[in-house]
Amino acid sequence: MGVESTFRIGLGYDFHAFEEGRELVLGGVRIPYDRGLIGHSDADALTHAVADALLGAAGLKDIGTYFPDSDPQYRGISSLLLLEKVCRLIRGKNYRVGNIDATILAEAPKIKPHVEAIKVSLGRVLYLKPEQIGLKATTMEGRGPVGRGEGLAVHAVALLMKDG
Ligand code: MG
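Residues numbered from 1 in each chain as written. Predicted model: local features only at pLDDT ≥ 70, side-chain atom pairs only at ≥ 80, totals over all residues. Heavy atoms only, no water.

Here's the deal with the side chain of Asp42
Here's step 1: Mapped onto the fold, Asp42 is located in the loop between β4 (35-37) and α1 (45-57).
Here's step 2: Arg22 is the oppositely charged side chain nearest to the buried, salt-bridge-free Asp42, at an N-O distance of 6.7 Å.
Here's step 3: A polar side-chain atom of Asp42 sits 2.4 Å from a polar atom in the side chain of Ser79.
Here's step 4: Among all residues touching Asp42, those that are not within four sequence positions of it are Arg22, Val25, Gly76, Ile77, Ser78 and Ser79. (Helix = DSSP H or I, 4+ residues; strand = E, 2+ residues; numbered from the N terminus. Buried < 20%, exposed > 50% of the residue type's maximum accessible area, 1.4 Å probe, protein only. Lys, Arg positive; Asp, Glu negative; His and termini not counted. Salt bridge = Lys/Arg side-chain N within 4 Å of Asp/Glu carboxyl O. Polar contact = N/O pair within 3.5 Å; in protein donor to acceptor, adjacent residues only side chain to side chain. Contact = heavy atoms within 4.5 Å.)

Written out as structure tokens, the structure is:
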């Protein structure tokens, strides 16, 4: 049996394809753009990746297990509500979030002007100060599905700390 650590790290990843006529929501913040991400919920890939990082750190199952896209109650739902539920699951296991860090891969739109708003939005749900949230964006230099503007990908990590 391994020794249980006070600190737990988790990794999350998500990709959603773009489609015209949908709203682009990242970290619960609406980003002005001519396309949005396709998905059953609001398709907030950043919030999904962060939620999976948190679930992974807690040794829980993935976001699709708790919120299946076959379930009509999650249709069009704000992913921040899913993240809130994830937080409850984590607190139920006596963990609190130390920090999270994420990188958005997107050819467009520019994410930088929205970084502070997104940090506030995620921080409100996760009970984190903006300085406990890392958020960067990069392009794929025109290569691959992200580079061709077909979609947007997010990598996220989270650190949990055991309470008590
Ligand atoms: Mg997703």
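Let's pick the thread back up.
A word on the nonpolar core
Here's step 1: With 47 residues, the main nonpolar core has Leu26, Leu46, Leu54 and Ile100 as its most contacted residues.
Here's step 2: Contributing elements (two or more residues each) for this core: β2 (24-26), β3 (29-31), α1, α3 (79-92), β5 (95-105), α4 (115-126), β6 (133-138) and β7 (151-162).
Here's step 3: Counting residues per element, this core draws most heavily on α1, which supplies 9 residues.
Here's step 4: Sequence-distant contacts of Leu54, that is, excluding residues within four places in its chain, are made with Leu83, Val86, Ile90, Val97, Ile100, Leu126, Ala158 and Leu160. (Core = buried A, V, L, I, M, F, W, Y, C linked by side-chain atoms within 4.5 Å.)

A few points about the layout of surface pockets
Here's step 1: By volume, the largest pocket is sized at about 240 Å³.
Here's step 2: Considering the residues around the largest pocket, the lining is formed by 13 residues, among which His40, Ser41, His48, Phe67 and Asp69 are closest to the centre.
Here's step 3: Looking at the lining of the largest pocket, its residues break down into 6 nonpolar, 6 polar and 1 charged.
Here's step 4: When its volume is computed, the second largest pocket comes out at roughly 180 Å³.
Here's step 5: In terms of lining, the second largest pocket is formed by Ala106, Glu107, Pro109, Lys110, Ile111, Lys112, Val115, Leu135, Lys136, Ala137, Thr138 and Thr139.
Here's step 6: Among the elements that take part in the lining of the second largest pocket, β6 stands out by supplying 4 residues, more than any other. (1 Å grid on protein atoms, 1.4 Å probe; cavity = no way out; pocket = protein on both sides within 12 Å on 5 of 7 lines; lining within 4 Å. Points joined across faces, edges and corners; volume = space filled by probe spheres on them. Nonpolar A, V, L, I, M, F, W, Y, C, P; charged D, E, K, R; others polar.)

Re the environment of Arg124
Here's step 1: Tracing the backbone through its elements, the reader meets Arg124 in helix α4.
Here's step 2: Here the alpha-carbon distance between Arg124 and Glu84, two residues 40 residues apart in the chain, equals 9.7 Å.

Considering the pattern of salt bridges
Here's step 1: Under the defined criterion, the tally for this structure stands at 6 salt bridges.
Here's step 2: With a shortest N-O distance of 2.7 Å, Arg148 and Glu150 are connected by a salt bridge.

Focus on the sheet that holds β4
Here's step 1: Spatially, 5 strands are ordered β4-β1-β7-β5-β6 in an open sheet, and the strand pairing comes out mixed. Unpaired on one side and paired on the other, β4 and β6 mark the two borders of the sheet. This sheet shows a mean twist of 25° between the axes of neighbouring strands, independent of strand direction.
Here's step 2: Sheet topology note: the β5/β6 ladder contains 6 bridges and is parallel. Bridge pairing in β6 links Leu105 to Thr138.
Here's step 3: Across the sheet, α1 is in contact with β1 (7-20), β4, β5, β6 and β7; its angle to β1 comes to roughly 155°. (Pairing = 2+ DSSP bridges. Axes fitted to C-alpha atoms, helices over the stretch in contact; angles between N-to-C directions.)

As far as function goes, none of this settles anything; it's purely spatial.
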